Amino acid sequence: MATEISLGPSPSRREALARRVRLLVAATIVYNVIEAIVALTAGSMASSSALVGFGLDSIVEVSSAAAVAWQFSAREHAVREAREKKALRVIAMSFFALAAFVTVDAVRALAGGGEAESSVPGIVLAALSLAIMPFLSAAQRRAGQELGSASAVADSKQTLLCTYLSAVLLVGLVANATLGWSWADPIAALVIAAIAVKEGREAWRGDNCCAPAGLSTLGADNSPAREEGACGCGPGCAC
């Protein structure tokens, strides 16, 4: 009969990973505060639903990162684990709130509530985020998976979402600026909302998905039968 044995990170390694997560979360918060200010200002000036949605996503990212920062502010591993589910709930609800607001604003724009103007600052911001966010997301995702923290992995997905949104936003803004397709802006905003709903659902369900890296299954002769923990996810999960 197979027996699962957790060979997760040592206490010293776990603490090093927790420090790395705290540092990455701090960097994410600082960048997204700046991003939110620029996007919301430029979006308001250009009447751009997509830019406003992008700015609101930055605020959501700040709340998501703050939830993870609160979780990892505890020095004891047991306390951090106890805070996991609450942090995931905050992240998920932030996604849902973003999707609802952006959808309403995009539908209003498509119904004739005002055409978006071109925005050079918005294009520059989208391109910059497209270059920066993948690195922040990948670093936090690796640390979260090795640590077995679903909330850290969910927050890394929030950061990765910013990469997708940056690409969608960039396409919409460039199409509007070069081709005069003002409808491309609210369509981009609706894509942003759809992605946010998907990620919110995954965050809500993902509290039990991650397991510390190194989980292995041993056969009856105590030899390794298979290795589960290389990516830090539990069986059947895609975190």
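Rules used in this analysis
Residues numbered from 1 in each chain as written. Predicted model: local features only at pLDDT ≥ 70, side-chain atom pairs only at ≥ 80, totals over all residues. Heavy atoms only, no water. Helix = DSSP H or I, 4+ residues; strand = E, 2+ residues; numbered from the N terminus. Contact = heavy atoms within 4.5 Å. Areas by Shrake-Rupley, 256 points an atom, 1.4 Å probe, with all protein chains shown as cover. Core = buried A, V, L, I, M, F, W, Y, C linked by side-chain atoms within 4.5 Å. Buried < 20%, exposed > 50% of the residue type's maximum accessible area, 1.4 Å probe, protein only. Axes fitted to C-alpha atoms, helices over the stretch in contact; angles between N-to-C directions. Parallel < 35°, antiparallel > 145°, perpendicular 65-115°, else oblique. Nonpolar A, V, L, I, M, F, W, Y, C, P; charged D, E, K, R; others polar. Expected span 1.5 Å × (residues − 1). Polar contact = N/O pair within 3.5 Å; in protein donor to acceptor, adjacent residues only side chain to side chain. pLDDT = per-residue confidence, 0-100.

Draft legend 1. Quick peek at the overall build of the chain. Secondary structure summary: the chain contains six helices and three strands in total. Mapped from its N terminus to its C terminus, the chain presents α and β elements in the order β-α-α-α-α-α-α-β-β. Intrachain contacts of the chain at a sequence separation of at least 6 include 76% that bridge at least 24 residues. Accessible surface for the chain amounts to roughly 10,800 Å². Of this, 67% is attributable to carbon and sulfur atoms.

Draft legend 2. Region of the structure containing the nonpolar core. Grouped together as the largest cluster of nonpolar side chains are 45 residues, with contacts concentrated most on Val-21, Leu-51, Phe-54, Val-68, Phe-72, Ile-91 and Leu-169. Per-element accounting of this core gives the leading share, nine residues, to helix H5 (residues 150–179). Once you skip the residues sitting within four places of it in the chain, Ile-91 turns out to touch Ser-64, Val-68, Ser-151, Ala-154, Asp-155 and Ala-203.

Draft legend 3. Spatial organisation of the side chain of Asn-32. Turning to its location among the elements, Asn-32 is positioned in helix H1 (residues 11–46). Owing to a relative accessible area of 0%, Asn-32 belongs among the buried residues under this scheme. Once you skip the residues sitting within four places of it in the chain, Asn-32 turns out to touch Ser-58, Glu-61, Val-62 and Met-133.

Draft legend 4. Layout of the packing of helix H2 (residues 49–72) against helix H6 (residues 184–205). Running from amino to carboxyl end, H2 crosses H6 at an angle of 30°, the nearest separation of the two axes being 7 Å. One finds that H2 runs roughly parallel with respect to H6. On H6, the residues touching Ser-49, Ala-50 and Leu-51 of H2 are Asp-185, Ala-188, Ala-189 and Ile-192. For the contact of H2 with H6, the per-class residue count stands at five nonpolar, one polar and one charged.

Draft legend 5. Just H6, in detail. Given a rise of 1.5 Å per residue, 22 residues ought to cover 32 Å, and the 32 Å separating the end C-alpha atoms of H6 matches this to within 8%. Among the residues of H6, Ala-184, Asp-185, Pro-186, Ala-188, Ala-189, Ile-192, Ala-193, Ala-196, Glu-199, Gly-200 and Ala-203 are the ones counted as buried.

Draft legend 6. Representation of H5. Counted at 1.5 Å a residue, the expected span for H5 with its 30 residues is 44 Å, and the 42 Å between its end C-alpha atoms agrees. Across the 30 residues that make up H5, a large majority, 21, are buried. Following H5 by one or two positions, Gly-180 has its phi on the positive side, about 75°.

Draft legend 7. Seen up close, the side chain of Ser-119. Within the element layout of this structure, Ser-119 appears in the loop between helix H3 (77–110) and helix H4 (120–147). Polar contacts involving the side chain of Ser-119 include one to the main-chain amide nitrogen of Gly-122, which spans 3.1 Å. Filtering out sequence-adjacent residues up to four positions away, Ser-119 remains in contact with Ala-42, Ala-46 and Leu-51.

Draft legend 8. Representation of the environment of Ala-16 in the model. Mapping Ala-16 onto the fold places it in helix H1. For Ala-16, a relative accessible area of 24% corresponds to the partly exposed category. Through-space distance from the C-alpha of Ala-16 to that of Ala-143 is 9.4 Å; in sequence the pair is 127 residues apart.

Draft legend 9. How the structure looks around the confidence of the model for the chain. Summarising the model, the chain shows a mean pLDDT of 74, and 79% of its residues fall at 70 or more. Here residues 1–6 scores under 50 on pLDDT; set against residues more than four positions off or in separate chains, the count is 17 contacts. The low-confidence segment residues 211–239 (pLDDT under 50) makes 75 contacts with residues lying over four places distant or belonging to another chain.

Draft legend 10. Representation of the packing of H5 against H6. Packing of H5 against H6 brings their axes to within 9 Å, and their N-to-C directions diverge by 170°. In terms of their interaxial angle, H5 and H6 are classed as roughly antiparallel. Of the residues in H6, those touching H5 at Ala-154, Lys-157, Leu-161, Tyr-164, Leu-165, Val-168, Gly-172, Leu-173 and Ala-175 are Ala-184, Asp-185, Ala-188, Val-191, Ile-192, Ile-195, Ala-196, Glu-199, Glu-202 and Ala-203. Of the residues in the contact of H5 with H6, the class split is 14 nonpolar, one polar and four charged.

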